[in-house]
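Reading the structure
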Amino acid sequence: MTTLQPVRGTHDLLPQQYGKFQRIVQLARAFAQIGGFEEMDVPMFEATEVFARAMGESSDVVSKEMFTFHTKGEESVTLRPEFTAGAVRAFLSGGLQQHLPLKLFMHGPAFRYERPQKGRQRQFHQVDFEWLGDASPEADVEIITLAAQFLSVLSGKDSCTLLINTLGDAQSRAAYKEALVAYLLPQRAGLSADSQRRLDVNPLRILDSKSAEDQEILKAAPSMQDYLSDSAARHFACVQSALSHLQKEGAFPQRMRVSPTLVRGLDYYTGVVFEYISEAGELGAQNTVLAGGRYDGLVAQMGGKPTPAIGFAAGIERLMLLMEEKHGEPVPRTHIVILPLEDVPSEWALLLASLLRFNIRELLDKSALKRRCTVEVYWSGSLTKRLSKAAQRGATHAIVFGGEEYQNKTFKVRDMQTRQEEVTGFEAFTDNRKIRSLFGMH
Ligand code: ATP
Ligand code: MG
């Protein structure tokens with residue numbers, strides 16, 4: 001029989017990789033907490049309309065990348081390609097409007113039907129930050145800075161570059177769109193097929209095109225900066241000057257570049273948009289690790305009252321490529337292996353394992369001890385084999401007992417490093433102070 005394989009574009013997170021994955025989520029959660037973002041979750045699938053309405057029918061995600069299917073009740077549902085649309089749907093259907101301003105943190109899998117390659121999967125994972133109810137440029141600066149600090153702690157260096165742009169408000173955007181279309185229409189035939197289509201449905205997306213023919217035509221295109229309304233221009237200037245100030249004071253760790261062609265792929269963006277890219281090459285062609293922007297129009301578009309909002313998301317698989325191998329101080333470990341010999345009733349070993357697990361767990365919860373503890377029983381094989389397996393797995397202590405010890409109700413506790421043995425009674429495993437001294441948990 002052939003071995004079954006994971007579906008194209010999906011991947012397992014095997015135990016060796018899962019530690020890294022988990023550290024990223026923990027770090028994102030720590031930054032969410034310090035920034036006042038509350039954690040929540042939304043369903044992994046929604047009514048298709050939630051995404052279609054939020055992200056725009058003409059966006060790549062909605063037009064090409066959604067995993068959509070019909071339930072048995074014939075409802076069209078879609079696996080979430082991102083978090084923002086679902087979060088806004090939850091904000092409205094969960095009655096969170098009275099609780100503004102709101103800062104939300106989410107993480108989990110997302111799904112897009114794309115061509116799989118390095119850093120691009122069909123099931124991937126995101127951490128996501130959303131801030132609803134604050135229209136100020138200061139909110140933009142805060143969230144952009146929080147993202148920068150998260151990336152710099154994660155990678156152990158300041159290796160990312162911030163690309164930032166503004167799409168202006170609705171009025172600026174309409175004026176610019178008109179100017180861009182007027183410039184591009186006479187040259188329509190020279191544009192790529194994709195961009196010819198975009199010219200009708202979403203001309204701003206042409207700026208984002210990677211095709212060489214489009215880029216050539218765009219060189220002389222009008223610039224968004226010249227069409228910004230006063231308030232949009234002021235907002236963007238405030239954000240830039242605050243970021244430069246923070247950078248000068250050493251509080252903004254990344255490089256920064258204004259990128260007039262940065263438009264982002266989804267229709268809901270308005271105002272400031274940004275991306276963090278890595279130029280060091282570890283991510284290959286998919287060099288955007290984190291991306292976001294303002295979406296002041298989305299809540300109203302989804303049926304709520306106009307509510308300003310800004311957010312960002314980062315792909316965990318791309319963050320894993322960016323992350324330094326050794327991250328943070330290693331947490332000290334205690335790994336106890338219980339080795340009952342054949343002439344011991346198994347209940348005796350089960351009791352020891354169960355009590356020891358419960359007591360150590362309680363000790364860790366109550367004390368400030370930062371330590372990873374494991375208690376395992378190796379049930380079968382010769383003592384020599386089991387001891388060598390314990391050593392292989394990095395056990396710190398082995399508890400060995402046979403018929404004789406069982407009669408005397410004693411145990412031999414072996415320090416796997418020094419190979420010294422100590423004989424103890426059962427009470428040593430029930431008293432916190434004794435547990436700490438016996439297993440060197442300080
Ligand atoms: P790209 O231009 O790479 O397709 P995007 O603009 O579609 O990115 P967003 O919708 O802004 O991406 O998602 C935010 C982040 O999620 C990206 O910066 C990236 O880190 C991650 N991401 C998006 N799509 C994928 C994918 N298919 N596989 C892995 N990570 C992804
Ligand atoms: Mg994409």
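Just above, that's the structure.
Definitions and cut-offs
Residues numbered from 1 in each chain as written. Chains lettered and ligands numbered in written order. Predicted model: local features only at pLDDT ≥ 70, side-chain atom pairs only at ≥ 80, totals over all residues. Heavy atoms only, no water. Helix = DSSP H or I, 4+ residues; strand = E, 2+ residues; numbered from the N terminus. Buried < 20%, exposed > 50% of the residue type's maximum accessible area, 1.4 Å probe, protein only. Contact = heavy atoms within 4.5 Å. Salt bridge = Lys/Arg side-chain N within 4 Å of Asp/Glu carboxyl O. Pairing = 2+ DSSP bridges. Polar contact = N/O pair within 3.5 Å; in protein donor to acceptor, adjacent residues only side chain to side chain. Axes fitted to C-alpha atoms, helices over the stretch in contact; angles between N-to-C directions.

Some points on the side chain of Gln121
When you line up the elements, Gln121 lands in the loop between strand 5 (102-111) and strand 6 (123-132). Taking relative accessible area as the criterion, Gln121 reaches 16% and is therefore assigned buried. Residues in contact with Gln121, not counting those within four places in the same chain, are Gly9, His11, Arg112 and Glu317.

Points about the pattern of salt bridges
Under the defined criterion, the tally for this structure stands at 19 salt bridges. Several salt bridges converge on common partners, so that one network encompasses Asp140, Arg294 and Asp296.

Focus on the pairing of strand 14 (residues 397-401)
Burial of strand 14 is extensive: five of the five residues sit out of reach of the surface. Judged by which residues are buried, strand 14 turns out to be covered on both faces: His397, Ile399 and Phe401 on one side and Ala398 and Val400 on the other are all buried. In the sheet, strand 12 (residues 333-340) pairs with strand 14 via five bridges, with the strands oriented parallel. Among the inter-strand pairings, Val337 is bridged to a residue of strand 14, identified as Ala398. Bridge analysis of strand 14 against strand 15 (residues 410-415) gives four bridges, and the strand direction is antiparallel.

Remarks on the environment of Ser172
As for its placement among the helices and strands, Ser172 is situated in helix 6 (residues 170-184). Spatially, the C-alpha atoms of Ser172 and Asp230 are 9.1 Å apart, while their sequence positions differ by 58 residues. Apart from the residues lying within four places of it in its own chain, the contact partners of Ser172 are Met224, Tyr227, Leu228, Ser229 and Ala232. A distance of 2.4 Å separates polar atoms of two side chains, one belonging to Ser172 and the other to Asp169.

Focus on the sheet that holds strand 13 (residues 372-377)
A sheet is described by the order of its strands in space; here five strands give the open sequence 13-12-14-15-16, paired in mixed fashion. Strands with a single pairing partner mark the edges of an open sheet, and in this sheet they are strand 13 and strand 16 (421-425). Recorded for the sheet is a direction-independent mean angle of 20° between the axes of neighbouring strands. Strands in contact with helix 12 (residues 346-366) are strand 12, strand 13, strand 14 and strand 15; relative to strand 13, the strand with the most contacts, it is inclined by about 175°.

Some remarks on the pairing of strand 5
In terms of residue burial, strand 5 counts as a mostly covered element, since eight of its ten residues are buried. Pairing analysis gives two bridges linking strand 1 (residues 38-39) to strand 5, with the strands arranged parallel. Looking at strand 5, one finds that Glu38 is bridged to Leu104. Sheet topology places strand 5 next to strand 6; ten bridges connect them, and they run antiparallel. Across the sheet, Leu104 pairs through a bridge with Glu130, a residue of strand 6.

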